[in-house]
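Single-letter residue listing:
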Amino acid sequence: MARKKIIAGNWKMNMTPSQAVELVNTLKPLVVNDEVDVVFCVPAIDIIPAMEAARGTNIQIGAENMYYEEKGAFTGEIAPDMLTDVGVKYVIIGHSERREYFAETDETVNRKVLKAFEHGITPIICCGESLTQREQGITIDWIRQQIKIAFLNVTAEQAASAVIAYEPIWAIGTGKVATTEQAQEVCKAIRDCIAEIYDQTTAEAIRIQYGGSVSASSAPELFAQPDIDGGLVGGASLKPDFGAIVNYK
Ligand code: PGA
C-alpha cells in the first residue's frame, strides 16, 4: 500500500495565541488536500485556540515537544495527558534545536518516543547531521545511530506508525536546502536501518519526511523521491507558501 504523505508545519517559537488563530484562518482554505496528512505543530499555548480555529478542516494540530514523565515536579514541562486530553495526535520529538539549546540527547528522545506511543500520540522523530559531520563523511553512520537509539524498545507495530523527519542541521532556517539526491540518499538509509531493526513491512510502512528550508519551489522534487514521504517545514509554514507546499503536485 502506498504511504500517505505527511506535511507538517513546525511553527517553533512563533505566533501568539491570537496570531495563531489568524494564521490558521488564513491557511485553512490553502491547505486543502485529502491526499496528504496536514499537521500544524504549534507552541503549547497555541494548541487549543489553533484547534478551535481548525475545527471541521483537514488540519490536525500537533505539539512541538512533550515530557517523558506522567506528571509531577517538572516545572514548565508538558505531560502527554495534557496533549491527549485536548486531542493532540502528533508531537515533534528531538528537534535539533531542542538537542542544541535544551540538552536533549538520543536517550531522552527515546524516552519521549516510548511515552508518546504509550499515550497513542504519533511522534515525529527528528534526526540530522551537522555540516562538520557531513564533511567528515559520517552522515549515514550518525543518522543510523540516532535512529537505533530513538527506537530502542519500540515495537514493530509502533514503529510502523511513526514519522521520522530527516533534517540536516545545516539546512534548517538557512535557505540552503539539501539536494534531492542528498535528501533521498539519507531517507533511504533510514528506511534500510528500520528494515534492519525490524523487517521490510515495517520499513515500507514508516513515513520519512525531509526538513530544512523546504519551500514551494523545492517541495515538488523532494516529495517525488521514493523514500521521502513529505516534509517538516519551519519558516515556510508561517506563510501562504505552505498552501503551495501541501499542494506540491
Ligand atoms: P526550516 O525549518 O524549514 O525553516 O528550515 C525546518 C525545521 O526546523 O523543522
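See the structure shown above.
Thresholds applied
- Residues numbered from 1 in each chain as written.
- Predicted model: local features only at pLDDT ≥ 70, side-chain atom pairs only at ≥ 80, totals over all residues.
- Heavy atoms only, no water.
- Helix = DSSP H or I, 4+ residues; strand = E, 2+ residues; numbered from the N terminus.
- Rg over C-alpha atoms; globule rule 2.2 N^0.38 Å.
- Buried < 20%, exposed > 50% of the residue type's maximum accessible area, 1.4 Å probe, protein only.
- Lys, Arg positive; Asp, Glu negative; His and termini not counted.
- Charge placed at Lys NZ, Arg CZ, Asp CG, Glu CD.
- Expected span 1.5 Å × (residues − 1).
- Contact = heavy atoms within 4.5 Å.
- Axes fitted to C-alpha atoms, helices over the stretch in contact; angles between N-to-C directions.
- Parallel < 35°, antiparallel > 145°, perpendicular 65-115°, else oblique.
- Left-handed = near helix turned anticlockwise from the far one by under 90°.
- Nonpolar A, V, L, I, M, F, W, Y, C, P; charged D, E, K, R; others polar.
- Phe/Tyr/Trp six-rings, centres within 6.5 Å; stacked < 30°, edge-to-face > 60°.

### As for the overall build of the chain
Reasoning step 1: Each helix and strand in the chain was counted, giving twelve helices and eight strands.
Reasoning step 2: Relative to a compact globule of 249 residues, whose C-alpha radius of gyration would be 18 Å, the chain shows 17 Å and is just as compact.
Reasoning step 3: Along the longest, intermediate and shortest principal axes, the C-alpha atoms of the chain span 45 × 45 × 35 Å.
Reasoning step 4: Out of the 249 residues belonging to the chain, those deemed buried represent 53%.
Reasoning step 5: Positive and negative side-chain charges of the chain, numbering 22 and 33 respectively, have mean locations separated by a distance of 2 Å.

### A short note on helix H7 (residues 139–150)
Reasoning step 1: Relative to the 16 Å expected for twelve residues at 1.5 Å per residue, H7 spans 16 Å between its end C-alpha atoms, a close match to the ideal helical length.
Reasoning step 2: The complete set of buried residues in H7 reads Thr139, Ile143, Gln146, Ile147, Ile149 and Ala150.
Reasoning step 3: Buried residues along H7 sit against helix H4 (96–101), helix H5 (106–118), strand E5 (122–127), helix H6 (131–136), strand E6 (163–166) and helix H9 (180–197).

### Examining the packing of helix H1 (residues 17–27) against helix H2 (residues 47–54)
Reasoning step 1: Where H1 contacts H2, the axes come no closer than 9 Å and their chain directions differ by 25 degrees. On the basis of the axis angle, H1 is roughly parallel to H2. As H1 runs across H2, the sense of the crossing is right-handed. Touching Pro17, Val21, Val24 and Asn25 of H1 are Pro49, Ala50, Ala53 and Ala54, all from H2.
Reasoning step 2: Of the residues in the contact of H1 with H2, the class split is seven nonpolar, one polar and no charged.

### Some thoughts on the packing of aromatic side chains
Reasoning step 1: Here the structure, examined in full by the defined rule, presents eight aromatic pairs.
Reasoning step 2: Between Tyr67 and Phe74, the aromatic rings sit 5.1 Å apart at their centres with planes inclined by 45 degrees, giving tilted as the arrangement.
Reasoning step 3: Take Phe74: its relative accessible area is 32%, and that puts it in the partly exposed class.
Reasoning step 4: Aromatic pair Phe223 and Tyr248: ring centres 5.2 Å apart, planes at 85 degrees, arrangement edge-to-face. Remark: Tyr248 occurs in the segment after helix H12 (241–246) and Phe223 occurs in helix H11 (residues 219–223); sequence separation between them is 25 residues. Taken as a pair, Phe223 and Tyr248 share a single burial class, namely buried.
Reasoning step 5: Put simply, the rings of Trp11, Phe40 and Phe242 pair up and form one aromatic cluster.

### Some points on unusual backbone geometry
Apart from glycine, the bulk of residues carry a negative phi angle, and the bulk of peptide bonds sit in the trans form.
Reasoning step 1: Located in the positive-phi region is Met15, a residue other than glycine, with phi close to 85 degrees.
Reasoning step 2: Note on placement: Met15 falls in the loop between strand E1 (5–10) and H1.
Reasoning step 3: In the Ramachandran plot, Ala103 falls in the positive-phi region, its phi being about 55 degrees despite a non-glycine side chain.
Reasoning step 4: Counting through the fold element by element, Ala103 comes out in the loop between H4 and H5.
Reasoning step 5: Judged by relative accessible area, Ala103 falls into the exposed class, the value being 60%.

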